[in-house]
Amino acid sequence: MEASSSGITNGKTKVFHPEGGVDLQGYQLDMQILPDGPKSDVDFSEILNAIQEMAKDVNILFDELEAVSSPCKDDDSLLHPGNLTSTSDDASRLEAGGETVPERNKSNGLYFRDGKCRIDYILVYRKSNPQTEKREVFERNIRAEGLQMEKESSLINSDIIFVKLHAPWEVLGRYAEQMNVRMPFRRKIYYLPRRYKFMSRIDKQISRFRRWLPKKPMRLDKETLPDLEENDCYTAPFSQQRIHHFIIHNKETFFNNATRSRIVHHILQRIKYEEGKNKIGLNRLLTNGSYEAAFPLHEGSYRSKNSIRTHGAENHRHLLYECWASWGVWYKYQPLDLVRRYFGEKIGLYFAWLGWYTGMLFPAAFIGLFVFLYGVTTLDHSQVSKEVCQATDIIMCPVCDKYCPFMRLSDSCVYAKVTHLFDNGATVFFAVFMAVWATVFLEFWKRRRAVIAYDWDLIDWEEEEEEIRPQFEAKYSKKERMNPISGKPEPYQAFTDKCSRLIVSASGIFFMICVVIAAVFGIVIYRVVTVSTFAAFKWALIRNNSQVATTGTAVCINFCIIMLLNVLYEKVALLLTNLEQPRTESEWENSFTLKMFLFQFVNLNSSTFYIAFFLGRFTGHPGAYLRLINRWRLEECHPSGCLIDLCMQMGIIMVLKQTWNNFMELGYPLIQNWWTRRKVRQEHGSERKISFPQWEKDYNLQPMNAYGLFDEYLEMILQFGFTTIFVAAFPLAPLLALLNNIIEIRLDAYKFVTQWRRPLASRAKDIGIWYGILEGIGILSVITNAFVIAITSDFIPRLVYAYKYGPCAGQGEAGQKCMVGYVNASLSVFQISDFENRSEPESDGSEFSGTPLKYCRYRDYRDPPHSLVPYGYTLQFWHVLAARLAFIIVFEHLVFCIKHLISYLIPDLPKDLRDRMRREKYLIQEMMYEAELERLQKERKERKKNGKAHHNEWP
């Protein structure tokens, strides 16, 4: 007799379900019949003997055990008030002896009142709701479909009614066949490749060496994880006619809880609630308020008094909490198969992608940290930093009108050294590396997704034809056309109407982008005005660092504006998407996703683009400054360059954004759930401890947000943009992203397991439209990094000086000795008497030399005031400009060629996976043939035994 794991291990032992109708799942018995390892055949009498030995002190009624699989009665006609149950959040196992499985099931809140029918779905409504007639028709049709129903009133509010739904085996089988649910039918056979003696000896030596090494610390303990049977079996679409082909040890546990809930939800989406062509489906009843909520149940409490290592997991939710959502396992791999089994493939794919992205950040973070440390180690050898720090005799022109004083170039020594940490010889290499890294990440994710799709039976899965959105039906119900797939008439949107709506939507998007640009313009004006204010400040610390103070406060204000505009953008994106009238929910999601990403991406990065490519580029020169509205002088870069401003912008925005997102993701649900529990305690008093049934506990949790995984994906995609687009200016961005993602994985896991209601398990083959957005960001990152290196940093001016104008000119060298005199060559001379009246500083500079200054220096390549063309561009300026343009072209073409070459060389499907798929297809055909042949031979033997002659050898 074959025995299989129930899905929950108990220390080093496993709980088994023997074939024959006896359900041991409710007892969590510790049977040590089989050791760890592959499953083997077990005599049923041995299992019964083990049960009897363990039940000496416990009165187990076997007749009631066998009655677990009996048909359940429909008690929907009677509405029972809620009863206080004996379940607690800390323990779900019974310790009192003499209690049978049905009695235990009554108390754990996961079954009907008879303790036999498991709750597959919960509907919630209020008795005071006026939509009574629709609800009654809907529930009557639910019973007509074969679903069993039971109602329970809330303990907190008697107006709230919970409708518990259970799907019997017949209903599950019928709809599983319609939905093509893949179920296990034969165990997988793994063939080891033939190994030669020499390789075997090497393997033995390696295995001996590994004994001295610590075991893989990042892998989860296999004794803690359940044996997921469906991952070790070949699967096929369920068929009732070929039910004998499938591995069915117990009909109650053949379909797991997530699959049962998905089947019930599929049924509810196709039940009518009113006469009419489009009066169908649970979603419409949730929209019009007939039902307040609909959700599948969590599988009990996520906490336990007993250790999972000694007593095993209470349920899959407890197991997920201990080995996934707990902070103590932050360094371990995610149990993706468990996540998929409990939450479905769509959520499982999100966490698989997040884990893959986090893992790929390790090399990027390491190289970025290496670039930063390279800057630290070479700081004392940097000729440019030395010249800046020693330039006590070079006086720089004021950076703002009137109030800004003259300053020595040596005063910016600290900023020059900080700039070298990020802008050094390794920066170009890191920019190329990150561009290639983005491509490798996406290409290897394709391969990883293919492996996951194979393991999770998603290769041949196709999304079923989606239902039309109710809003679309209501708008275009008068005009219909035949659906080419279903062959049924459906509402039709005219091409002209669709185009006009898209034009209006595009105009709204353009207007909102203009709002973002206006906000950036406001930040620019703030910077221009504030730098003069800080230059005249009383505190010497702020007065001497007016530019840094201006940049820091501007970034913080910009962050506040970003967060406020995000709220506005969500409402505008919702309005524009509904205005477009998408036909299906997936079309609606894709349209909304694209708008929200576009809005938030522009909102988050617009100020960064301004600082990187416009700050200090169009200011003019002393004596002829360019001004906003002929009033405000445009802001200049710091004497040490503009890169320090870009680093501050990226660092502050990235840290603040990630901190705020993490707080909102976990803090908001925690506060809301705490407030709900507090209200309950106030209403019922704190004298007695009230334990609620599972449906009421889940109802008091927060529902998953209306946009599904949109917020989670959006946060990570925006972070990916920050990590790649301006990474040449901030090499520590991958390291910050890595640290955030390690926390993010556990935060999201904790939120899904403990703070949110259990979402409906849904299927998906990939991450959807987000992959295309990631590819677009990868292309944009190549362009922006090329411009950052060429325009924002001083890499190209230093290179031109070293090869053309420095001491090593014409020698083909570019070392530090070739940079002698670079700082002086990069500064131009200005005659102070040529200042405009409104720009002339209050100080005459006599504090530096005792006499009024005649000349000051500024960053540019211009002729001196006494030349033929005063303040005209020098030949070095044109050489630098040509080198910058040439670098952009060469860098982009080189990196794009490398990206396309990598994309071509890396196949989307791993070779071993392709071979496994082909072999599996072959084996499945052979197994189906053998199973059918075995059935026919068995029928033939039975005919001979019964004495029935049959003329044909084969039917």
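Values in this document were obtained by computation on a predicted structure and should not be read as measured data. One numbering rule holds for all chains: residues counted from 1, following each sequence as written. Given that the model is predicted, a residue must reach a pLDDT of at least 70 before its local features are reported, and side-chain atom pairs must reach 80 or more before they are shown or counted; all residues, however, enter totals for whole chains, interfaces and linings. Side-chain metrics in this entry use all non-hydrogen atoms of the structure; hydrogen atoms and water are not considered.

## Focus: the overall build of the chain
Point 1. Per the secondary structure count, the chain includes 31 helices and 19 strands.
Point 2. Residue contacts are counted whenever heavy atoms from the two residues lie within 4.5 Å of one another. Long-range pairs, those at least 24 residues apart, make up 76% of the contacts in the chain between residues at least 6 apart in sequence.
Point 3. Calculation of accessible area relied on Shrake-Rupley with a 1.4 Å probe; when residues are assessed, cover is drawn exclusively from the protein chains displayed. Here the chain displays about 46,800 Å² of accessible surface, and carbon together with sulfur accounts for 58% of that area. Each helix is a run of DSSP H or I of at least 4 residues and each strand a run of E of at least 2, with the numbering of both proceeding from the N terminus.

## Thoughts on helix α11 (residues 316-325)
Point 1. Burial here depends on accessible area, computed with a 1.4 Å probe over protein chains only, as a share of the maximum for the residue type. Under 20% is buried, over 50% is exposed, and the range in between is partly exposed. Among the 10 residues in α11, nine count as buried, and that is most of the element.
Point 2. Whenever two N or O atoms come within 3.5 Å, that pair is a polar contact, provided that in protein one can donate a hydrogen and the other can accept it, and provided that, for residues adjacent in sequence, both atoms are side-chain atoms. Regarding α11, its N-cap is N315, as a side-chain oxygen of that residue lies 3.0 Å from the backbone nitrogen of R317 further along.

## Structural notes on empty space enclosed by the protein
Point 1. Buriedness for pockets is judged along seven lines, at least five of which must meet protein on both sides within 12 Å for an open set on the 1 Å grid over protein atoms alone, while cavities are sets there where a 1.4 Å probe fits but cannot get out, and lining residues have an atom within 4 Å of a point. Grid points are joined across faces, edges and corners, and a volume is the space filled by probe spheres set on the points. Evaluated as defined, the whole model comprises eight cavities of 30 Å³ or more.
Point 2. By volume, the second largest cavity is sized at about 110 Å³.
Point 3. As for the second largest cavity, its lining consists of L604, I653, M654, K657, Q658, N661, E715, L718, Q719 and F722.
Point 4. Breaking the lining of the second largest cavity down by element, the ones donating at least two residues are α22 (643-684) and α24 (710-725).
Point 5. Looking at which element gives the most residues to the lining of the second largest cavity, the answer is α22, with five residues.

## Focus: the side chain of T792
Point 1. By the secondary structure assignment, T792 is in helix α26 (residues 769-792).
Point 2. In terms of polar contacts, T792 uses its side chain to reach the backbone carbonyl oxygen of A612, at 2.5 Å.
Point 3. In contact with T792, not counting residues within four places along its chain, are A612, F613, R617, L643, L646 and F787.

## Here's the deal with the packing of aromatic side chains
Point 1. Note on aromatic contacts: the rings of Phe and Tyr and the six-membered ring of Trp form a pair at centre separations within 6.5 Å, being stacked when their planes are under 30 degrees apart, edge-to-face when over 60 apart, and tilted otherwise. The tally for this structure, following the rule as stated, stands at 52 aromatic pairs.
Point 2. Residues Y350 and F351 carry aromatic rings whose centres are separated by 5.0 Å and whose planes lie at 70° to one another, so their mutual orientation is edge-to-face. In this structure, Y350 and F351 share a single accessibility class: buried.
Point 3. Of note, R862 hangs over the ring of Y873, and the distance from its end group to the ring centre comes to 4.2 Å. Criterion for a charge above a ring: Lys NZ or Arg CZ within 6 Å of the ring centre, and within 35 degrees of the ring normal.

## Focus: the UniProt feature "transmembrane region" (unreviewed entry) in the chain
Point 1. UniProt positions are given in the numbering used here, feature names are shortened, and annotations may be inferred rather than shown by experiment. As recorded in UniProt, the sites labelled "transmembrane region" (unreviewed entry) are residues 350-376, 426-445, 502-528, 548-569, 597-618, 717-739 and 767-791.
Point 2. The span residues 548-569 is 100% helical and 0% strand by assignment, and the distance between its end C-alpha atoms comes to 31 Å.

## So, the packing of helix α16 (residues 427-455) against helix α30 (residues 875-905)
Point 1. Axes here refer to lines fitted to C-alpha atoms; in helices the fit is confined to the stretch in contact. Angles between the N-to-C directions go from 0 to 180 degrees. Axis separation between α16 and α30 bottoms out at 9 Å; the angle between their running directions is 30°. Considered as vectors, α16 and α30 are oriented roughly parallel to each other. Along this stretch, α16 crosses α30, giving a crossing that reads as right-handed. For the pair α16 and α30, contact is made by V428, A431, V432, A435, V436, T439, V440 and E443 and by F887, F891, V895, I898, K899, I902 and S903, respectively.
Point 2. Gly counts as polar in this scheme, as do all residues outside two lists: the nonpolar Ala, Val, Leu, Ile, Met, Phe, Trp, Tyr, Cys and Pro, and the charged Asp, Glu, Lys and Arg. Here the contact of α16 with α30 is built from residues that sort into 11 nonpolar, two polar and two charged. The labels follow the angle: roughly parallel below 35 degrees, roughly antiparallel above 145, roughly perpendicular from 65 to 115, and oblique for the rest. Whether a crossing is left-handed or right-handed is set by the direction in which the near helix is turned from the far one by less than a right angle, anticlockwise for left-handed and clockwise for right-handed.

## Focus: the nonpolar core
Point 1. For this analysis, a nonpolar core means a set of buried residues of the types Ala, Val, Leu, Ile, Met, Phe, Trp, Tyr and Cys, connected via side-chain atoms within 4.5 Å. In this structure, F343, W353, Y357 and W437 are the most contacted members of the largest nonpolar core, which totals 148 residues.
Point 2. For this core, the leading source of residues is helix α13 (residues 345-377), giving 15 residues.
Point 3. Beyond its immediate sequence surroundings of up to four residues, F343 is in contact with L320, W324, F752, V753, P759, L760, A761 and S762.
Point 4. With 39 residues, the next largest nonpolar core counts L165, V181, L282 and Y291 among its residues.

## Looking at the pattern of salt bridges
Point 1. A pair is scored as a salt bridge if a Lys or Arg side-chain nitrogen falls within 4 Å of a carboxyl oxygen belonging to Asp or Glu. Scanning all chains against the criterion turns up 25 salt bridges.
Point 2. With its nearest N and O atoms 3.3 Å apart, the salt bridge here joins D748 to K751. Separated by three residues within a single helix, D748 and K751 lie in helix α25 (residues 733-755), roughly one turn from each other. Of the two residues, D748 and K751, neither departs from the other in class, the shared state being buried.
Point 3. For the salt bridge of E939 with R943, the shortest nitrogen-to-oxygen distance reads 3.8 Å. Of this pair, E939 and R943 both sit in helix α31 (residues 911-946), four residues apart, which is roughly one turn of the helix.
Point 4. Judged by relative accessible area, E939 falls into the partly exposed class, the value being 26%.
Point 5. Given a relative accessible area of 29%, R943 falls into the partly exposed group.

## Concerning the state of the cysteines
Point 1. Note on terminology: pairs of cysteine sulfur atoms within 2.5 Å are recorded as disulfides. Applying the stated criterion to the full structure yields three disulfides.
Point 2. Linked covalently through their sulfurs, C397 and C856 form a disulfide whose S-S length is 1.9 Å. Torsion about the S-S bond of the C397 and C856 cystine: about 85°, corresponding to right-handed handedness. Pair noted here: C397 is in the loop between β10 (395-396) and β11 (407-408) and C856 is in strand β19 (residues 855-859), with a separation of 459 residues, a long-range link.

## Points about the packing of α16 against α26
Point 1. The contact between α16 and α26 brings their axes to 10 Å, and the two run at 170°. Relative to α26, the element α16 is oriented roughly antiparallel. In this structure, α16 uses T427, V428, A431, A435, F441, L442, E443, W445 and K446 to contact α26, whose residues at the interface are Y771, L774, E775, V782, N785 and I789.
Point 2. Class assignment of the residues belonging to the contact of α16 with α26 gives a composition of 10 nonpolar, two polar and three charged.

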